[in-house]
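Report on the structure
Here is how the chains run, residue by residue.
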Amino acid sequence: MLKIPILRWGKPYESLESEEIVHFETGEPVATVSQANGGLLQRDMRKASRARDALREIPVDELIKRLQHAGKLYLEGTLPLGDGQQTPDDFAVQQSATTGLPVHMCKANMQKNFFVLSHMDQMLDALTRGLDLSILTRGYGIEGRGVVVSYQAQAPCLGLVLPSNSPGVHTLWLPVIPMQLGLVLKPGPQEPWTPYRMTSAFVEAGIPAEAISIYPGSGDVGAAVLASCKRSMIFGGLPTIERYRGDPSVQVHGPGFSKILLGDDVVDHWEEYIDLIVDSVYLNSGRGCINCSGVWASRHTREIAEAIAQRIGPIEPLPTDDPNAALAAFTVPGTATAIWNAIEADLREEGVEHMTERYGKRKVEHERCGYLRPTVVHCDSPEAAIAHKEYMYPFVSVVQCPQNKMIDAIGPTLVATGITDDPLFAHQLTDATHIDRLNLGPIPTIKLDWLQPHEGNLVEFLFRARAFQVPPEQLPKVSTATG
Amino acid sequence: MEDQGSSIADAGITGIFSGGTEFTPQWTRFAMEELLDDRVYMTPTYGNTLMGLACSRPVTAEEGYKISYYAPQPRAVIEVVDFDDNDQRVGYGKTGRVKLTTLTKEFFVPGFMERDEGERELPYKKYPWDGVSGVRPFSELAEATTVGVY
């Protein structure tokens, strides 16, 4: 069985405490993972500046090339992992075994990470809005339009408290290394695979090992990441979001409450958008924050709900190695039951109808895990509590709501697909500050344009654009400096 | 202290009684290797007002930083007993619940069942009587147990 150590600025450290991670269905051990403690992490953070120093010795262009090579190694290579080696197939099977995600979805996530790494130059160009990247290295320089600008790094490294249940989120931290900031990763207990494999690929491709730390552990390690890193990201539910709201040093990623809004001008042709709606709800097992959990329209909502239910209601759990498997398991005992109980309570509310009931029971309990089959609910008004719920499986509420009340009623929305040709409605959607990413037109909520920032711009989070002046005679020197 | 170019050892501290919470071998190793630089002797302690302080035998890397406590006999005696039969001691290395007997001039409490469990340890030269290692909250009570000094 694999033994996976802590990585302390690149150096493996085998803890006397370890956790066995097991196959979600069989309980068979897959790996033992060394467990860090908060004190150990806090101590290592004293050396965090060395991570940035090591990366700043390598020009950004060269780091990007190495990352592109790392992407290929991550996707195709056999890489060291703990006391063993890991092929790409091993990776997908192991990740599936501990997270409950079907193997083909794990492989699809590998492709996503590969895509981001192989297009890192374009990603950074988009994230920085075309900034000369050597300005991030030096802290100042001259923009193309001849103006002196300064971007000051706010931390030598980014800390991340990562989730177990959504391996797709790792694309968010990949651009950090070429921005010459270190990484402090606290993996989700069931998903150490991506952070370790990615780090292994980075190091094989020539990224300095001392730029990356990985600290598996319990809650005190997550708290230590947030307390010790001047910039960090955390993934969690609504309580986590509430806890860190307004803290400029923490970027919180949680439920997306992503939605599709059909304008009055197009809703009579709703059948044209059913494929787009269904894909937005159920692809990637509905686990992502960008999966659609609400379809809002002023009329035809019952027909829309019935059509979605007809498409996804019959889907059943299949073994994770089945290429047709569309559902991920809830691997933590009791989770599927708790979610279903909450849904059942909401279904009792007047004006709420369970549209997938006719396709059989939604909750499927196995000995060590549970599944929830796709669920479609119709709400005849936005006041229904379930109209504002999101769960980590294909779950969607179809909500009847007049267009003129829709934008106010939808609440916070990570991705909104607004389908309309009505200029006024389009203008209102564009102005809505509680919508983060807006797809104006028939674009699935799950379709990512990698050249657009996701939920907050990473550059703005890690660097501060500030005023900066140098005597004019020094400007040529500045402009010829390289990163 | 390190930020000011000093350390616990440089400050003149030569020994630390540590206690008040659960002590794991890993935390002890971390403290000895990285905070005390092997120049300060640290002994985890286990105890309460009934027992007094039970010191640990020296904690070493060779023994995997195992922490074994020995009660301050003869004032207090600890036994590691079967979870279901508290009159039956478990074998050496086996897991059981900690049972404490206190006998001082002022106070006698026989066979008090502690809220801890651990493994029974062989006598040690400095403490030639049974010890207990791996002390942690008794698993059947763990959720209701508050750990710490009170």
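Residues numbered from 1 in each chain as written. Chains lettered and ligands numbered in written order. Predicted model: local features only at pLDDT ≥ 70, side-chain atom pairs only at ≥ 80, totals over all residues.

Helix and strand content of chain A: 17 helices and 24 strands. What you see for chain A is a C-alpha radius of gyration of 23 Å, in line with the 23 Å of a compact globule of 483 residues. By principal-axis analysis of the C-alpha atoms, chain A measures approximately 70 × 55 × 35 Å. Across the 483 residues that make up chain A, the buried fraction comes to 49%. Taking the intrachain contacts of chain A between residues at least 6 apart in sequence as the baseline, contacts between residues at least 24 apart amount to 73%. (Helix = DSSP H or I, 4+ residues; strand = E, 2+ residues; numbered from the N terminus. Rg over C-alpha atoms; globule rule 2.2 N^0.38 Å. Buried ≥ 20, exposed ≤ 12 C-beta atoms within 10 Å, placed from the backbone. Contact = placed C-beta atoms within 7 Å.)

When helices and strands are counted, chain B shows 1 helix and 8 strands. Listing every helix and strand of chain B by position from the N terminus yields β-α-β-β-β-β-β-β-β. Here the C-alpha radius of gyration of chain B, 17 Å, is about what a compact globule of 150 residues would show, namely 15 Å. Counting only C-alpha atoms, chain B reaches 55 × 35 × 30 Å along its principal axes. Across the 150 residues of chain B, 27% fall into the buried class.

Right, let's talk about the pairing of strand 16 (residues 292–297) of chain A for a bit. Residues and elements named next belong to chain A. Taken across its 6 residues, strand 16 has 6 buried, putting it largely inside the fold. Both strand 15 (residues 258–262) and strand 16 contribute to a ladder of 4 bridges, which runs parallel. From the neighbouring strand, Lys-259 faces strand 16, where its bridge partner is Gly-294. Regarding the hand of the β-α-β motif, the stretch spanning strand 15, helix 11 (residues 274–282) and strand 16 is right-handed. As judged from the 4 bridges shared by strand 16 and strand 21 (residues 395–400), these two strands associate in the parallel manner. Looking across to strand 21, one finds that Ala-297 is bridged to Gln-400. (Pairing = 2+ DSSP bridges. Right-handed = clockwise from strand over helix to strand, strands pointing away.)

Before going further, it helps to spend a moment on helix 14 (residues 403–410) of chain A. Residue pairs three or four apart in sequence face the same way in an α-helix, which turns once every 3.6 residues. Residue and element names in this part refer to chain A. Looking only at helix 14, the buried set comprises Gln-403, Met-406, Ile-407 and Ile-410. Around the axis of helix 14, the buried residues are gathered within 90° of arc, so they sit on the same side. Exposed residues lying more than 90 degrees from the buried face of helix 14 are Asn-404 and Asp-408. Structurally, helix 14 contributes buried residues whose contacts are with strand 15, strand 16, strand 22 (413–419) and helix 15 (423–431). (Arc of directions from axis to C-beta.)

Next up on the list: the domain arrangement of chain A. Residues and elements named next belong to chain A. Domains assigned within chain A are domain 1 (2–254 + 455–480) and domain 2 (258–440). Taking only C-alpha atoms, the centre of domain 1 and the centre of domain 2 are 31 Å apart. In this assembly, 17 residues from domain 1 lie in contact with 19 residues from domain 2. Put simply, the parts of the chain that give the side of domain 1 that touches domain 2 at least two residues each are helix 4 (88–99) and helix 5 (103–118). The element contributing the most residues to the side of domain 1 that touches domain 2 is helix 5, with 3 residues. For the side of domain 1 that touches domain 2, the residue count by class is 5 nonpolar, 10 polar and 2 charged. (Domains from an automatic or database assignment. Nonpolar A, V, L, I, M, F, W, Y, C, P; charged D, E, K, R; others polar.)

Caution is warranted with low-pLDDT regions, since their predicted coordinates should not be read in detail. All names here are of chain B. Residues at a pLDDT of 70 or more form 94% of chain B, whose mean pLDDT is 89. Within chain B, strand 5 (residues 76–81) carries the highest mean pLDDT (96), whereas strand 2 (residues 41–48) carries the lowest (87). With pTM at 0.89, the complex prediction returns an ipTM value of 0.80. (pLDDT = per-residue confidence, 0-100.)

Glancing now at the interface of chain A and chain B. Accessible area lost upon the coming together of the parts serves often as the stated size of an interface. Each side of the interface is counted separately: chain A has 7 residues, and chain B has 9 residues. For the side of chain A that touches chain B, a count of residues per class yields 2 nonpolar, 3 polar and 2 charged.

Our focus in this paragraph is helix 4 of chain A. All names here are of chain A. The terminal C-alpha atoms of helix 4 lie 16 Å apart, and with 12 residues this matches the ideal 16 Å at 1.5 Å per residue to within 8%. Among the residues of helix 4, Phe-91, Ala-92, Gln-94, Gln-95, Ser-96, Ala-97, Thr-98 and Thr-99 are the ones counted as buried. Of the surrounding elements, those touching the buried residues of helix 4 are strand 4 (18–22), strand 5 (29–34), strand 7 (84–86), helix 5 and helix 8 (193–204). Two residues or fewer after helix 4 comes Gly-100, characterised by a positive phi angle close to 85°. (Expected span 1.5 Å × (residues − 1).)

Residues and elements named next belong to chain A. Position of Tyr-215 relative to the elements: it lies in the loop between strand 12 (212–214) and helix 9 (219–228). Taking the C-alpha atoms as reference points, Tyr-215 and Leu-276, separated by 61 residues in sequence, lie 40 Å from one another. Not counting residues within four places of it along the chain, the set of residues in contact with Tyr-215 comprises Ile-6, Ala-36, Leu-41, Lys-186 and Val-221.

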